[in-house]
Amino acid sequence: LALMIVPVLTALGDKPDTVLYWAEGYNLLFGCILAVFCLILIAIGFFSKHPVWAVWAGFRRLISTTGRAPSDYLRMFGGCPVLVNMGINGLIATGYILVTGGDLNGPTIGAILTVMGFSAVGKHARNILPVMLGIGLACLGIYLLKRGD
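Remember, it's a predicted structure, so these values are computed and weren't measured experimentally. (Residues numbered from 1 in each chain as written. Predicted model: local features only at pLDDT ≥ 70, side-chain atom pairs only at ≥ 80, totals over all residues. Heavy atoms only, no water.)

Peer 1: Explanation requested: the packing of aromatic side chains in the structure shown.
Peer 2: Here a ring pair, both rings aromatic, is described through the centre-centre distance and the interplanar angle of the planes. Under the definition given, this model contains 5 aromatic pairs. Grouping aromatic residues by their ring pairs yields a cluster made of Phe46, Phe47, Trp56 and Phe59. (Phe/Tyr/Trp six-rings, centres within 6.5 Å; stacked < 30°, edge-to-face > 60°.)

Peer 1: Explain the side chain of Ser71 here, please?
Peer 2: Structurally, the position occupied by Ser71 is in the loop between helix H3 (52-63) and helix H4 (73-77). Within the structure, Ser71 has its side chain in polar contact with the backbone oxygen of Arg68 (distance 2.4 Å). (Helix = DSSP H or I, 4+ residues; strand = E, 2+ residues; numbered from the N terminus. Polar contact = N/O pair within 3.5 Å; in protein donor to acceptor, adjacent residues only side chain to side chain.)

Peer 1: How should the environment of Asp72 be read in this particular structure?
Peer 2: On the secondary structure map, Asp72 appears in the loop between H3 and H4. Judged by relative accessible area, Asp72 falls into the partly exposed class, the value being 31%. For the pair Asp72 and Lys146, spaced 74 residues apart in the sequence, the C-alpha separation amounts to 42 Å. (Buried < 20%, exposed > 50% of the residue type's maximum accessible area, 1.4 Å probe, protein only.)

Peer 1: What is the right way to read the packing of helix H2 (residues 27-47) against helix H5 (residues 79-99) from this model?
Peer 2: Angle between the axes and distance between the axes are the two parameters that describe a pair of packed helices. Following both chains from N to C, one finds H2 and H5 inclined at 160°, their axes separated by 7 Å at the closest point. With respect to H5, the element H2 is oriented roughly antiparallel. The interaxial crossing formed by H2 with H5 has left-handed handedness. Of the residues in H5, those in contact with Asn27, Leu34, Ala35, Cys38, Leu39, Leu41, Ile42, Ile44, Gly45 and Phe46 of H2 are Cys80, Leu83, Val84, Met86, Gly87, Ile88, Gly90, Leu91, Thr94 and Leu98. (Axes fitted to C-alpha atoms, helices over the stretch in contact; angles between N-to-C directions. Parallel < 35°, antiparallel > 145°, perpendicular 65-115°, else oblique. Left-handed = near helix turned anticlockwise from the far one by under 90°. Contact = heavy atoms within 4.5 Å.)

Peer 1: Just to check I follow, could you spell out H2 for this structure?
Peer 2: If you check H2, its first and last C-alpha atoms are 29 Å apart, about what 21 residues at 1.5 Å a residue would give, namely 30 Å. All buried positions along H2 are accounted for by Gly31, Leu34, Cys38, Leu41, Ile42, Gly45 and Phe46. The buried residues of H2 occupy an angular sector of 130° when projected down its axis, which confines them to one face. Among the exposed residues of H2, those pointing more than 90 degrees away from its buried face are Leu28 and Phe47. (Expected span 1.5 Å × (residues − 1). Arc of directions from axis to C-beta.)

Peer 1: Please clarify how the nonpolar core should be interpreted in this entry.
Peer 2: Soluble, globular proteins show a tendency: their nonpolar side chains are buried together. With 19 residues, the main nonpolar core has Val82 and Ile112 as its most contacted residues. Here this core takes 5 residues from H5, the largest share from any one element. In this view, Ile112 contacts Leu34, Gly90, Ala93, Thr94, Ile97 and Leu104; residues no more than four positions away in its chain are not counted. The next biggest cluster of nonpolar side chains, apart from the first, holds 6 residues, and it includes Phe46, Val55, Phe59 and Val84. (Core = buried A, V, L, I, M, F, W, Y, C linked by side-chain atoms within 4.5 Å.)

Peer 1: Please explain a nonpolar patch on the surface as it appears in this structure.
Peer 2: Side chains of Leu133, Leu137, Leu140, Tyr143 and Leu144 sit close together on the surface and give an oily, nonpolar patch of about 490 Å² of accessible area. Within the fold, Leu144 resides in helix H7 (residues 125-147). Residue Leu144 is classed as partly exposed on the basis of its relative accessible area, which comes to 33%. (Patch = residues over 30% accessible without salt bridge, like charges linked within 9 Å, V, L, I, M, F, W, Y side chains within 5 Å. Areas by Shrake-Rupley, 256 points an atom, 1.4 Å probe, with all protein chains shown as cover. Salt bridge = Lys/Arg side-chain N within 4 Å of Asp/Glu carboxyl O.)

See below:
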């Protein structure tokens, strides 16, 4: 709604104030909550209705795919390997935020949950880790260029 109202107000000469709220200092609390949530997903995936070896075999087949669209992992491998994949990707995304010095707050947790959601349709550790590594290296390069080293 705001995306439609603000341009209209700006066109009429009103300048709405912009405010940025960014929570800091909740990494331990939110990190523990996300880790427990992801571990619960992994546990449910491994210990629900299929034998552990079958879930592990399905997960290994899942991570051997390219993830190119259309990749409906739920249809291809079933719910249990997908839950394991979601939990692992959630741990990877949370770890990435924490290792890079980011803050766990609403926007970043939303991004982590998005990664977890897309774990059912093509995302797995083998195709998200190179992207995350590339982003980290690009940010490091930009940081070093700005510092002048």
